[in-house]
Amino acid sequence: MAHGAVGPYGERSMDAGQEGAAFQSRLVHNELSSEEQEAFPEIVTANNDIKNLYLKIRNRFLQLWLDNPKQELVYEAAKVALCRDGTGFQASSSLSMKTHLFLSRHGYINFGIFKRVHPVRQIQKVKVIVIGAGISGLAAARQLQSFGMEVTVLEARGRVGGRIATFHKDKYTADLGAMVVTGLGGNPITVLRKQLNMELISIKQTCTLYETDGKRVCRAKDILVEKEFNQLLESTSGISRDAMKREKWKNLSLGDALELVIKVQEKRLQRKVNEHWKTLSELYNKKKNLIVAQKQIQEKVEEVKNNLCDRNATTEAKNKMIERWRQLSQEFDRKEAEKRTLESNIRAKEEKEPSQIYLSRKDRQLLDWHFANLEFANATPLESLSLRHWNQDDAYEFTGIHLAVHNGYALVPTSYADSLDVRFHKAAKQIAYTDKGCKVVVQSVNDEDSSEVTMECDAVLCTIPLGVLKEEKGSKSYIEFNPPLPEWKRSAIKRLGYGNLNKVILCFEKSFWDDNNHLFGHIGSTTSSRGELFLFWTMYREPVVIALVAGKAANIMENVPDRVIVARTLQVLRGIFGAEAIAEPKYSTVTKWKSDPWSRGSYSYVAAHSSGEDYDVMALPVDPQGSSAKDVIKKGKPRLFFAGEHTMRNYPATVHGALLSGARESARIADFFIGKLAPADLSQL
């Protein structure tokens, strides 16, 4: 299916037409999404002409917005464009108005940082407190404010952004948290890029690998091991299918499955080696038997030869002996031919002697590097990942190449926070929610001895990271919910995984690496340490190196002093590029996201006992009555809502996922407290 022209980063161009506008908005141009079906029941039951009219209006509005996302797309301007498109739209005022309201409410248009034609006025008597000034909380707060609600954002840190944080010092810039834009095709970041001064750079994917001793890995060997890595992953898919039938494999992890496949391969190789030597032994025995048979033939020939010398032998007897000699000679020649064939087979077998081991020590180290890269992508050791569901969101990946933000990702949340009421150094200690409203007990982080303050509101949007939701009573960032969260919500919090990824930032006076590449890797010496300083990024304008620490090493590093980590990083770099080439860094910093009480890690993953469904459960609000997960939306009266990357089944562990979750929850809060959009009048159509 064509979606229009492709932009410079592989995304669909803003001028790709209405079909491309739908694609860029994560919608199908000729189909209603489930969200639309719920909001437009009158369209669902209407005839095809009206359905197609709605889709044309929707796609046209999306196109108008994407053409100029720096300015609010007001209904009056959108309607003028519709009328210019043809007379068929002139009778659709009610439908087009509702379409505009729907797209605005759900964050398909008029989101981000743009010039408003109509100033925002507080016209709704609805007060919402947002817990957390990460991108999901800020996106929701901005939307709710645009709906006319009174919004207050509570942030325990002294900055906005949450796990989006950028290191700025002198001329140096480096992202400490979120760093990569994973494609622009369908990504809402595409709009923000146009609205803000986001300097995106394409990440060059070529990655030179260096062994533990600093020597460059042979490219042919790397390709061979990477191929084996991909085959191992493919093999786990078969185990995953079997796991659905075997109860004992139900909660098998990806790491367990990979090691199981490796053991199977080792056993298979050993059988192959045993079969090789068995076959070779059989061939040698056959050759030995042939030599014995040839010797016996020679003895018989000698016997015939002696008999021919007998002067008393008759002519008839001699003729028989001559015939016997001829037969024995032919049999000897046949045995000789068989022996030559056997010797040829033996030589061929010996030349193709199989490897005695499946993976050499260096092969395993190289394979572990690829495993570490997978642990980086999922922010957890492979033995924690669900075999069946670890990649459940792959089908929703955006198109286009991966990019980094030259001037720092923190530009986005900082811009979002402008004009919002953000209270810094304020931690929520308790959230009480009843039929009449909510109360949030707030404690100053800077002065824990100060008295707590209680704030009242109509609804609370909780955007704190999953790692903080997992905290036990007594920890600094623990939040008490009153009444306690229902069991179905608590169970999802417990099941879903939350991992860790850390970085070492080094700022130098000059670069010592190849500026034509953005990545190089370092292979660890052991399986357990494979994620330690395994990948280095060098894509910023200034000479900055970012070293990644993933898997088990990410958690171990939390307990190591920063100076030791920096020294170890320099040791690795000097082992690769030479001690003379690398001076001491001008600046350095080390992240320890798991130790941060307001994050407790990096991002979510599907744990071995979890599934993608837990993301959906995390996204559900709760009400004071403790309604079930099945009924809370349809029958409940929720007061407590949830957003964040850990609530996005299709886009978890990403900035765009967090951003979209904020849009989702702001629309949901509006539906409950302002009211759902009224049906469009289709009588004139």
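Structure first, text after, so check above.
Now for a description of the structure that goes with this document. (Residues numbered from 1 in each chain as written. Predicted model: local features only at pLDDT ≥ 70, side-chain atom pairs only at ≥ 80, totals over all residues. Heavy atoms only, no water.)

### Thoughts on the overall build of the chain
At step 1: Counting its secondary structure elements, the chain contains 19 helices and 22 strands.
At step 2: A globule of 685 residues ought to have a C-alpha radius of gyration of about 26 Å, yet the chain, at 35 Å, is considerably larger.
At step 3: Counting only C-alpha atoms, the chain reaches 135 × 65 × 50 Å along its principal axes.
At step 4: A total of 685 residues make up the chain; the buried ones form 54% of that total.
At step 5: As displayed, the chain offers around 32,600 Å² of accessible surface, 49% of which is attributable to carbon and sulfur atoms. (Helix = DSSP H or I, 4+ residues; strand = E, 2+ residues; numbered from the N terminus. Rg over C-alpha atoms; globule rule 2.2 N^0.38 Å. Buried < 20%, exposed > 50% of the residue type's maximum accessible area, 1.4 Å probe, protein only. Areas by Shrake-Rupley, 256 points an atom, 1.4 Å probe, with all protein chains shown as cover.)

### Side note on the sheet that holds strand β19 (residues 544-549)
At step 1: Overall, mixed pairing links the 6 strands, which are arranged β7-β17-β18-β19-β16-β20 in an open sheet. A single partner strand is all that each edge strand has here, and the edge strands are β7 (207-210) and β20 (587-590). Across this sheet, the average inter-strand angle for adjacent strands is 20°, counted without regard to direction.
At step 2: Taken strand by strand, helix α12 (residues 361-378) contacts β7, β17 (519-522), β18 (535-537) and β19, and its axis lies near 55° from that of β18. (Pairing = 2+ DSSP bridges. Axes fitted to C-alpha atoms, helices over the stretch in contact; angles between N-to-C directions. Contact = heavy atoms within 4.5 Å.)

### Remarks on the sheet that holds strand β13 (residues 459-462)
At step 1: Strand order in the open sheet formed by 5 strands is β9-β2-β1-β13-β22, with parallel pairing between adjacent strands. Edge strands, defined here as strands with exactly one partner in the open sheet, are β9 (422-424) and β22 (640-642). Neighbouring strand axes in the sheet, compared pairwise and without regard to direction, differ in orientation by 20° on average.
At step 2: Where strand β2 (residues 150-155) lies against β9, 3 bridges are found, and the strand directions are parallel. Following the sheet pairing, L154 is matched in β9 by R423.
At step 3: Against the sheet, helix α7 (residues 135-146) engages β1 (127-131), β2, β9 and β13, with an angle of about 165° to β2.

### Brief notes about helix α1 (residues 17-24)
At step 1: For α1, a buried count of 6 out of 8 residues is recorded, marking the element as mostly surrounded by other parts of the structure.
At step 2: Looking only at α1, the buried set comprises G17, G20, A21, A22, F23 and Q24.
At step 3: One or two residues past the end of α1 sits R26, with phi positive at roughly 65°.

### Points about the pattern of salt bridges
At step 1: Counted according to the given criterion, the structure contains 33 salt bridges.
At step 2: The partner of R541 in a salt bridge is E199, and the shortest N-O contact between them spans 2.8 Å. Taken together, the residues span a long stretch of sequence, with R541 in the loop between β18 and β19 and E199 in the loop between α8 (189-195) and β6 (200-202) at a distance of 342 residues.
At step 3: In this structure, E665 and R664 form a salt bridge, with 2.6 Å as the shortest nitrogen-oxygen distance.
At step 4: Several salt bridges converge on common partners, so that one network encompasses E259, R364, D368, E375 and R530. (Salt bridge = Lys/Arg side-chain N within 4 Å of Asp/Glu carboxyl O.)

### A look at unusual backbone geometry
At step 1: Omega for the bond connecting N482 with P483 falls within 30 degrees of zero, at 0°, which places this linkage in the cis form.
At step 2: Mapped onto the elements of the fold, P483 is located in the loop between β14 (480-482) and α15 (487-495).
At step 3: With a phi angle near 55°, N110 is a residue other than glycine that sits in the positive phi range.
At step 4: Assignment of secondary structure puts N110 in the loop between α6 (93-105) and β1.
At step 5: For N110, a relative accessible area of 5% translates into the label buried.
At step 6: Here D170, not a glycine, exhibits a phi torsion of approximately 55°, which is positive.
At step 7: Assignment of secondary structure puts D170 in the loop between β3 (166-169) and β4 (172-175).
At step 8: The class of D170 is exposed, set by a relative accessible area of 59%.

### Quick notes on the pairing of β4
In summary, the side chains of a regular strand alternate between the two faces of the sheet.
At step 1: Neither face of β4 is exposed, since Y172 and A174 on one face and T173 and D175 on the opposite face are all buried.
At step 2: Where β3 lies against β4, 4 bridges are found, and the strand directions are antiparallel. Each residue of the ladder has a partner; that of H168, found in β4, is T173.
At step 3: Between β3 and β4, which pair antiparallel in sequence order, lie 2 residues; one of them, D170, sits at a positive phi of approximately 55°.

### Quick notes on the packing of aromatic side chains
At step 1: Across all of its chains, the model carries 22 aromatic pairs by this definition.
At step 2: Taken together, a centroid distance of 6.3 Å and an interplanar angle of 85° make the contact between Y210 and F520 edge-to-face. Note that Y210 is positioned in strand β7 and F520 in strand β17, a separation of 310 residues in sequence. F520 matches Y210 in its accessibility class, with the two residues each being buried.
At step 3: A network of ring pairs unites the aromatic residues Y210, F508, F512, W513, F520, F536 and F577 as a single cluster.
At step 4: The positively charged end of K98 is found above the aromatic ring belonging to F40, 4.5 Å away from the centroid. (Phe/Tyr/Trp six-rings, centres within 6.5 Å; stacked < 30°, edge-to-face > 60°. Lys NZ or Arg CZ within 6 Å of the ring centre and 35° of its normal.)

### A short note on the packing of helix α10 (residues 254-308) against helix α11 (residues 315-351)
At step 1: Where α10 meets α11, the closest approach of the two axes is 9 Å, and the angle between their N-to-C directions is 160°. Relative to α11, the element α10 is oriented roughly antiparallel. Regarding α10 and α11, the two cross each other, and that crossing is left-handed.
At step 2: Per-class residue counts for the contact of α10 with α11 are 17 nonpolar, 6 polar and 14 charged. (Parallel < 35°, antiparallel > 145°, perpendicular 65-115°, else oblique. Left-handed = near helix turned anticlockwise from the far one by under 90°. Nonpolar A, V, L, I, M, F, W, Y, C, P; charged D, E, K, R; others polar.)

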